[in-house]
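Examining the three-dimensional arrangement
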Amino acid sequence: MKQFKRLIIPYFIWAVVILLIPLFLIALYAVTKEGNEVLTVTFTWGNFAKFLEATYLNVILKSFWLGLLTTVICLVLGYPLAYMISKFPEKVQSMLILLVTIPMWINMLLRTYAWMNLLSDNGIINHLLSMIGLGPVSMMYTDFSVMIGLVCNFMPFMIIPIHTSLTKMDKSLIEAAYDLGANKIQTFWKVIWKLSLPGVVNGIMMVFLLAISSFVIPKLLGGGQYMLIGNLIESQFISVGDWNFGSAISLILAVIILIFMGLMKRMDKQDE
C-alpha cells in the first residue's frame, strides 16, 4: 500500500495550487490595505468594518430574503415532484430524473438569456397573455423575474437529493405504519418525511447557498438594479477594483455559509 501513497502527491499539489493558495490570497487581501507592496504590508480590519455600513447590510439582507424565498419555493414544488418520481418503476425513474437534469447540461448563462426572451415585453409569455386578453404584462426587471430565474435554475438541486433519500427508504416501514392503523397523512409525516430529511437538508443547503451567491441571474433578469451579495463581490473585483473589500465580503460570505451548514447538520442529527 505504501507504494500507492505516492500516487496522491500530484493531487495534493494540485489541491494546494488550486484551492489553498487562492484562499490564502483572499484572506491576505481581506486583512490588508489597498496598494500594499510585498515588503510593506499594512494590516487592517477596516475592510470588515466597511461591510457594517447600512448600504452593505441591506445587500446581505436582500440576498438572504431572496435565497430563503427561492429555497422555500423549490422545496414546496420539488418535494412532491421527487415523491411522485420515486413511485414509478426504476427504469421510468431514471428517465424522469434525466429529464430533470437535462437543463443543467446547458450553461446557466444561456438558460438565463432564454428566460429574458420569455419574460420580455415582446416575449412568448406576453404573446400568450395577449391572446387571452390578460396582457401584455411587464415582468422583466422585477422580483418575479429574478425569482423565476433562481427557482428554475436551482430546482434540480432540490429534487435530486430528496429523490435519492426517498428511493433508499425502507418500504417495509411504510407498510408497518399502515398495519398499525396510521392513515396516509400520519404515515407521510411520521415515516416518509422523517426518512427523507437527509435529502431535504442537503437540498435546502445547496439551493440556499447557490441562490444567495448567484450574480448572473439577478444581474440579467434584474436589469442591473438588483445588488445581491454575489453582484457586490463581482463589482468590487471587476468594476470598482477594490480587491481588499471584495475579499473581505467573500470571507464573510464563507463564514455565513459554514455557520448555516453547521446549523442544518445539527438540525438533521436532532431529527434522527
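Residues numbered from 1 in each chain as written. Predicted model: local features only at pLDDT ≥ 70, side-chain atom pairs only at ≥ 80, totals over all residues. Heavy atoms only, no water.

You'll find the protein chain entered in an unreviewed UniProt entry as ABC transporter permease, with Blautia ammoniilytica given as the organism. UniProt, in its Subcellular location (unreviewed entry) section for the protein chain, records the words "Cell membrane". Its UniProt record, at the heading Sequence similarities (unreviewed entry), says of the protein chain: "Belongs to the binding-protein-dependent transport system permease family. CysTW subfamily." (UniProt positions renumbered as here; feature names shortened; annotations may be inferred.)

**Regarding the overall build of the protein chain**
In terms of helices and strands, the protein chain carries 15 helices and zero strands. By principal-axis analysis of the C-alpha atoms, the protein chain measures approximately 75 × 70 × 35 Å. In the protein chain, which comprises 272 residues, the share counted as buried stands at 37%. Put simply, of all contacts in the protein chain between residues at least 6 apart along the chain, 67% involve residues at least 24 apart. Of the side chains in the protein chain, 18 bear a positive and 14 a negative charge, and the two mean positions are spaced by 8 Å. (Helix = DSSP H or I, 4+ residues; strand = E, 2+ residues; numbered from the N terminus. Buried < 20%, exposed > 50% of the residue type's maximum accessible area, 1.4 Å probe, protein only. Contact = heavy atoms within 4.5 Å. Lys, Arg positive; Asp, Glu negative; His and termini not counted. Charge placed at Lys NZ, Arg CZ, Asp CG, Glu CD.)

**Points about the side chain of serine 86**
Within the element layout of this structure, serine 86 appears in helix 4 (residues 54-86). On the basis of relative accessible area, serine 86 is assigned to the buried category, the value being 14%. Setting aside chain neighbours within four positions, we find serine 86 in contact with Gln93, His163, Leu166 and Thr167.

**Section: the confidence of the model for the protein chain**
Within the protein chain, residue pLDDT values average 83, and 92% of them lie at 70 or more. Put simply, helix 1 (residues 2-5) is where the protein chain has its lowest mean pLDDT, 65, and helix 9 (residues 156-167) is where it has its highest, 92. (pLDDT = per-residue confidence, 0-100.)

**Notes on the packing of aromatic side chains**
Working definition: an aromatic ring pair is given by the centre-to-centre distance plus the angle between the planes. According to the stated counting rule, one finds ten aromatic pairs in the structure shown. Among the aromatic residues, those joined into a cluster by ring pairs are Tyr79, Tyr83, Phe188, Trp189 and Trp193. Note that lysine 50 overlies the ring of phenylalanine 245, its terminal NZ or CZ placed 4.5 Å from the centroid. (Phe/Tyr/Trp six-rings, centres within 6.5 Å; stacked < 30°, edge-to-face > 60°. Lys NZ or Arg CZ within 6 Å of the ring centre and 35° of its normal.)

**A closer look at the pattern of salt bridges**
Here the structure, examined in full by the defined rule, presents three salt bridges. Note that lysine 50 is salt-bridged to aspartate 242, the shortest N-O span being 3.7 Å. Placement of the pair is lysine 50 in helix 3 (residues 46-50) and aspartate 242 in the loop between helix 14 (229-240) and helix 15 (243-271), with a sequence separation of 192 residues. The exposure class assigned to lysine 50 is partly exposed, which follows from its relative accessible area of 28%. Residue aspartate 242 is classed as buried on the basis of its relative accessible area of 12%. (Salt bridge = Lys/Arg side-chain N within 4 Å of Asp/Glu carboxyl O.)

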